[in-house]
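# Residue-level structural notes
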Amino acid sequence: MLVQGAITGKRSYCGFSRPVIDYLRISITDRCNFRCTYCMPPAGMNFKNQKDILSFEEIIRFVQAAVDLGISRVRITGGEPLVRRQSAELVARLAAIHGIKDLSLTTNGAFLLEQAQQLKEAGLLRLNISIDSLNPVRFSQITRGGSLKKVLAGLDKSLELGFSPVKVNAVMLEGIENELEDFAALARAMPVHVRFIEFMPIGRRLGGIWKFVPRKKVLDSLNLFGDLKPADSPVGGGPARYYKFSGACGTIGFISSMSDHFCDNCNRLRLTADGKLRNCLFSDAEVDVRPYIHKSREELGRVIAASIKNKKFDRRREKPLARTMSQIGG
Ligand code: SAM
Ligand code: SF4
C-alpha cells in the first residue's frame with residue numbers, strides 16, 4: 001500500500017526541499033476548433049483516433065489513484081476541452097471524487113456561452129479563458145477564424161454564473177503592445193484576472209512564427225494607464241505575479257515561464273489525452289500509464305509515485321519539444 005506523503009509534501013532531503021505535488025492538468029482531447037498560429041499549423045495536425053484517447057472511466061480511475069498520492073487540484077484542458085462531447089459529465093464525475101478540492105478548466109471560450117451553465121451545475125469552480133487579443137480582426141488572425149464576440153459573450157456568461165476567479169490568459173505576441181489600454185480597461189471594469197503569458201518555444205516548427213514581447217515592456221506600458229501596485233494572487237494563482245490598478249475590479253498578472261525560472265516550485269503533473277504522464281512541461285519524457293489504469297489502484301499508484309519521485313526541479317529542456325502545446329495541454 002502506498003503511504004500518502006511518502007513522496008509528496010514539502011520536505012527536505014539533505015537540505016533540499018521539494019514542493020508538494022498536488023496539481024494535475026488533464027488534457028481530454030488533442031483536437032481544437034481554433035488553429036492559433038503559435039500553437040498549431042493551419043492544417044496537417046495528426047489527431048488521435050477516439051480509441052487512442054482515454055475514456056472518462058479511465059480518467060476517473062487515474063485521478064482516484066493520483067488522489068491517493070496527494071493530488072487535490074485538477075485542471076481540465078486540451079486541445080479545446082469543450083469540443084469533447086459530454087465534458088460536463090466528466091466534470092461532475094471528477095467533482096465527486098473525495099479529495100479533489102479544486103476543479104478548474106482552461107478553454108478558448110468559443111463554446112462557453114452554450115456550456116457554462118452545465119459546467120457550473122456539474123461542479124466546476126474556476127475558469128481560465130484564453131483571449132490573446134481584444135481586437136476582433138487580430139483575434140481572428142491569431143486563432144485563424146475565431147470570433148472574439150462569441151468568446152466575450154462566453155466570458156460575460158461565466159461571470160454572470162458566478163465562476164470565481166475567472167482568469168483571462170493572453171500570450172504576449174507581437175502587436176499586443178497596441179492593445180494594452182484595452183486589456184487594462186478590461187481588468188478595471190470586470191472582476192477578471194488578466195494574465196500575460198510569455199510565449200514558450202514549444203512544438204517543433206511553430207516557435208518562429210511570432211515574435212514575443214518581453215514582460216518588462218508590457219508592464220512599463222501598462223503603467224502609462226495608471227499606477228499598478230503589487231496585488232495578492234487569486235485562488236490558484238500559480239506562478240503568476242499580480243498587480244492591480246487602484247479601484248479596479250480585476251488584476252493584471254504575468255506568467256514569465258521563460259524569463260523567470262519557477263521550476264523549483266513546480267507542483268504539477270500532466271496527463272495527455274492519450275494517457276501519457278509527464279512530470280515536466282520542458283521535457284519529452286513521458287510514461288504510458290494507460291495499461292496500468294486497467295490494473296489495480298496500487299499498481300497504477302506505484303507508476304504515478306515513480307513519476308513524482310523522478311520529477312526534476314531544475315530547467316532541463318535541451319531541444320524543442322516533439323509535442324505541441326495542444327498535445328500536452330498547456
Ligand atoms: N484550447 C484551450 C485554450 O486555448 O485555452 C486550452 C489548451 S491551450 C494549449 C492552453 C494554453 O496554452 C492557452 O492559454 C494557450 O494560449 C497557451 N499556449 C499554447 N501554446 C503556447 C506557447 N507556445 N507559449 C505559451 N502559451 C501557449
Ligand atoms: Fe486551440 Fe488552445 Fe491551441 Fe488555440 S491555444 S489552437 S485554442 S489548443
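All of the points below concern the structure found in this document.

What counts, and at which threshold
- Sequence positions are assigned chain by chain, starting from 1 and proceeding in written order.
- Chain labels run from A onward and ligand labels from 1 onward, assigned in the order the entries are written.
- Residue-level local features of this predicted model are given only where pLDDT is at least 70; pairs of side-chain atoms are given and counted only at 80 or more, and the full residue set underlies all totals for whole chains, interfaces and linings.
- With hydrogens and water stripped out, all remaining heavy atoms of the structure feed into the side-chain values.
- Helical segments are the DSSP runs of H or I of at least four residues, strand segments are the runs of E of at least two, and each set is numbered from the N terminus.
- Relative accessibility under 20% of the residue-type maximum defines a buried residue, over 50% an exposed one, and the middle range a partly exposed one, all with a 1.4 Å probe and only protein chains included.
- Working rule for contacts: check all heavy atoms of both residues, and any pair within 4.5 Å makes them a contact.
- All accessible areas in this document rest on Shrake-Rupley with a 1.4 Å probe, and a residue is counted as covered only by the protein chains that are shown.
- Any residue with a non-hydrogen atom lying within 4 Å of a molecule or strand is treated as near it.
- Counted as a polar contact is a pair of N or O atoms within 3.5 Å, where, for protein atoms, one must be capable of donating a hydrogen and the other of accepting one, and residues adjacent in sequence contribute only when both atoms are in side chains.
- Basically, the charged four are Asp, Glu, Lys and Arg, the nonpolar ten are Ala, Val, Leu, Ile, Met, Phe, Trp, Tyr, Cys and Pro, and anything else, Gly included, counts as polar.
- Directions from the helix axis toward the C-beta atoms define the arc.
- Every angle, taken between N-to-C directions, lies between 0 and 180 degrees, and every axis is a line fitted to C-alpha atoms, over only the stretch in contact when it is a helix.
- With respect to orientation, any angle under 35 degrees is reported as roughly parallel, any angle over 145 as roughly antiparallel, any angle of 65 to 115 as roughly perpendicular, and every other angle as oblique.
- Helix crossings get a hand from a simple test, with the near helix turned counterclockwise from the far one by less than a right angle marking a left-handed crossing and a clockwise turn marking a right-handed one.
- The criterion for an aromatic pair is that two Phe, Tyr or Trp rings (for Trp, the six-membered ring) have centres within 6.5 Å, with stacked assigned to planes under 30 degrees apart, edge-to-face to planes over 60 apart and tilted to the rest.

## Focus on the overall build of the protein
For the protein, the count of helices and strands is ten helices and 14 strands. Out of the 330 residues belonging to the protein, those deemed buried represent 55%. Within the protein, residue pairs in contact and separated by at least 24 positions form 75% of the contacts whose partners lie at least 6 positions apart. Per element, the accessible surface of the protein, about 14,500 Å² overall, is 52% carbon and sulfur.

## Section: the site of ligand 1
Taken together, 15 residues lie around ligand 1, and Tyr-38, Gly-79, Glu-80, Ser-130 and Met-200 are the ones closest in. Within the contact set of ligand 1, a nitrogen atom lies 3.0 Å away from a backbone nitrogen or oxygen of Gly-79. Here a nitrogen atom of ligand 1 sits 3.2 Å away from a polar atom, N or O, in the side chain of Glu-80. Isolated, ligand 1 exposes 540 Å² of accessible area, and the fraction of that covered by the protein chains is 94%. The set of elements that each furnish at least two residues to the shell around ligand 1 consists of strand S5 (102-107) and strand S7 (166-171). Tallied by class, the residues present in the shell around ligand 1 amount to five nonpolar, eight polar and two charged.

## Section: unusual backbone geometry
Going from Ser-164 to Pro-165, the amide bond is cis rather than trans, its omega being -5 degrees. Here Pro-165 lies in the loop between helix H5 (148-160) and S7. Even without being a glycine, Gln-86 presents a positive backbone phi close to 60 degrees.

## Notes on helix H4 (residues 136-143)
Inspection of H4 places Arg-138, Phe-139, Ile-142 and Thr-143 among the buried residues, and these make up the whole buried set. Burial along H4 is one-sided: seen end-on, the buried residues are contained in an arc of 120 degrees. In H4, the exposed residues that point more than 90 degrees away from the buried face are Pro-136, Val-137 and Gln-141. Residues of H4 that are buried make contact with H5.

## A few points about the packing of helix H1 (residues 56-68) against helix H9 (residues 297-310)
Their axes nearest at 9 Å, the elements H1 and H9 cross at an angle of 70 degrees. The pairing of H1 with H9 is recorded here as roughly perpendicular in orientation. Considering how the two elements wind past one another, H1 and H9 form a crossing that is right-handed. Mapping the contact onto sequence places Arg-61, Phe-62, Gln-64, Ala-65, Ala-66 and Asp-68 in H1 and Arg-297, Leu-300, Gly-301 and Ile-304 in H9. Broken down by class, the residue content of the contact of H1 with H9 amounts to five nonpolar, two polar and three charged.

## Focus on the packing of aromatic side chains
Following the criterion strictly, the structure yields five aromatic pairs and no others. Plain terms: the ring middles of Tyr-38 and Phe-199 are 6.5 Å apart, the flat faces sit at 90 degrees to each other, and that makes the pair edge-to-face. In this pair, Tyr-38 is assigned in the loop between strand S3 (23-27) and H1 and Phe-199 in the loop between strand S8 (192-197) and helix H7 (215-222), connecting sequence segments 161 residues apart. Across this residue pair, the class does not change: Tyr-38 and Phe-199 are buried. Consider the rings of Phe-183 and Phe-196, whose centres lie 5.4 Å apart with planes at 80 degrees: the pair is edge-to-face. Linking Phe-183 in helix H6 (residues 180-189) with Phe-196 in strand S8, this pair joins segments that are 13 residues apart in sequence. A relative accessible area of 0% means that Phe-183 is categorised as buried.

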